[in-house]
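Below, each chain spelled out in residue letters.
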Amino acid sequence: MSARNILVINCGSSSIKFALVNEAQEEFTLSGLAERLGSPEAVLHWQQGEQRDSQVIAGANHRQALSHLLPIAQRVAGGQLHGIGHRVVHGGEDFPGACRLDEVSLQAIRKLAPLAPLHNPANLLGIEAAMKLFPQLVQVAVFDTAFHQTLPEHAYRYALPEVMYREHGVRRYGFHGTSHRYVGQQAAHLCGLSFSASSWLVAHLGNGCSTCAIENGLSRDTSMGLTPLEGLVMGTRSGDVDPNLYSHLARTLGWSLEQIDAMLNRESGLFGLSGLSNDMRTLEQAREQGHPGATLAIEVFCYRLAKSLAAMSCALRQLDGLIFTGGIGENSALVRSKTLEHLTLLGLKLDEQANCRCPRGVASAIHAEGHPRILVIPTNEERQIALDTLALLD
Ligand code: AMP
């Protein structure tokens, strides 16, 4: 059988990110983005090898964008597209793994919308359009939350009245599961260990950031909770704050829930602390030039990350390694170094030269000799989604 091709789709409210994954090739054979959907400026960008192209698709909605995209994907796949894998943010407790999409699973995903009101309806737009356009193709949903369904109850329950969990689903779900699982597997492979018999701490640091403790191939704890706001400092998200902040701001400033939500999700994190940017590259440059906000934002980011990793270590009985991934985790030697300064009690120590020389896009070991492993592993959520889709095809 020739190597199969899977189209991976990640739908936002006005955008569709996509990648064509061939199971035998490291690089995506096609990747791109349809953006500003539903507006006169709607446009489809794609890249095949070194060649980049764009097509104006003025006014196109998700379905119209997909109908432009599919012939391109079919052409690049030589007419051999075997399935579509959709990223879905929230699978609640209904989806401990990927699932084949049909009317029953779609209905279950629709019901989860209250848990992820910004993300799941947008993911569904793409799924429903793709299923109407390509009914003959197998379509699979891969959930950000699924990997964390193995958290023990003492890790996923909040100390709230029982009814909140039983009747309203208020518990910790965790996100970025596809990335945590992918890099955990890669790390085990790189070290000649079995994923199902090794233990890892993972820091996924992109625009969204989370940590995870993986034991014997299972997620045992993670820093995000009911929503992706809990936990670490992120690009524009605050991470943990005192839960009384909502009532405090409502009482003292008369703020509405929407105002507080907007501040905590879009105006906080690195952006809010620095007063400058949510982009770590910009902050590192500004810090070099003595910008106090950028300096503080990086300090808080790293300290909170270290605290979270130390907390995650409670879920493990041994440690085979600490993994950094995501745009910041893979590329910022400064963040890795500053974070490790706070983790000496865990016996972790960087080889500073290896940390600074770490080549872009390649997995590397950066720990000092005689100390526990510290690895930089490039994440590849699209590939993991394609692998999960292929597993269900089989
Ligand atoms: P992601 O969401 O995984 O694409 O990660 C985005 C984040 O990675 C942004 O904060 C970027 O500033 C950060 N990033 C990307 N490249 C670098 C780099 N070379 N140094 C520091 N941060 C980087």
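Look up: the structure comes first, before these words.
Before going into details, it helps to say that this report is about the structure given with it. If you're wondering where the values come from, they're calculated on a predicted model, not measured in any experiment.

1. Let's talk about the pattern of salt bridges
Inference 1: Following the criterion strictly, the structure yields 15 salt bridges and no others.
Inference 2: Among the salt bridges present, the one from E93 reaches R171, with a minimum N-O distance of 2.8 Å. You can see E93 sitting in the loop between β6 (81-88) and β7 (99-100) and its partner R171 sitting in the loop between α5 (162-168) and α6 (177-190), a full 78 residues away along the chain.
Inference 3: Judged by its relative accessible area of 39%, E93 falls in the partly exposed class.
Inference 4: By relative accessible area, which is 2% here, R171 ends up buried.
Inference 5: With a shortest N-O distance of 3.0 Å, R172 and E230 are connected by a salt bridge. Separated by 58 residues along the polypeptide, R172 in the loop between α5 and α6 and E230 in the loop between β11 (218-222) and α7 (245-253) bring together distant segments of the chain.
Inference 6: For R172, a relative accessible area of 9% gives the class buried.
Inference 7: Connected through salt bridges with shared partners, the residues E153, R157, E162 and R166 form a single ionic network.

2. Focus on the sheet that holds β11
Inference 1: Spatially, β11-β10-β9-β12-β14-β13 is the arrangement adopted by the 6 strands of the open sheet, whose pairing is mixed. Here the strands that pair on one side only, and so sit at the sheet edges, are β11 and β13 (364-365).
Inference 2: Relative to strand β10 (residues 209-215), strand β9 (residues 199-205) runs antiparallel, the two sharing 7 bridges. Counterpart to W200 in the pairing with β10 is I214.

3. Description of a nonpolar patch on the surface
Inference 1: Taken together, L160, V163 and M164 make up a surface patch of nonpolar side chains, about 220 Å² in accessible area.
Inference 2: Within the secondary structure layout, M164 lies in helix α5.
Inference 3: Using a relative accessible area of 33% as the deciding quantity, one classes M164 as partly exposed.

Scoring rules and cut-offs
Residues numbered from 1 in each chain as written. Predicted model: local features only at pLDDT ≥ 70, side-chain atom pairs only at ≥ 80, totals over all residues. Heavy atoms only, no water. Salt bridge = Lys/Arg side-chain N within 4 Å of Asp/Glu carboxyl O. Helix = DSSP H or I, 4+ residues; strand = E, 2+ residues; numbered from the N terminus. Buried < 20%, exposed > 50% of the residue type's maximum accessible area, 1.4 Å probe, protein only. Pairing = 2+ DSSP bridges. Patch = residues over 30% accessible without salt bridge, like charges linked within 9 Å, V, L, I, M, F, W, Y side chains within 5 Å. Areas by Shrake-Rupley, 256 points an atom, 1.4 Å probe, with all protein chains shown as cover.

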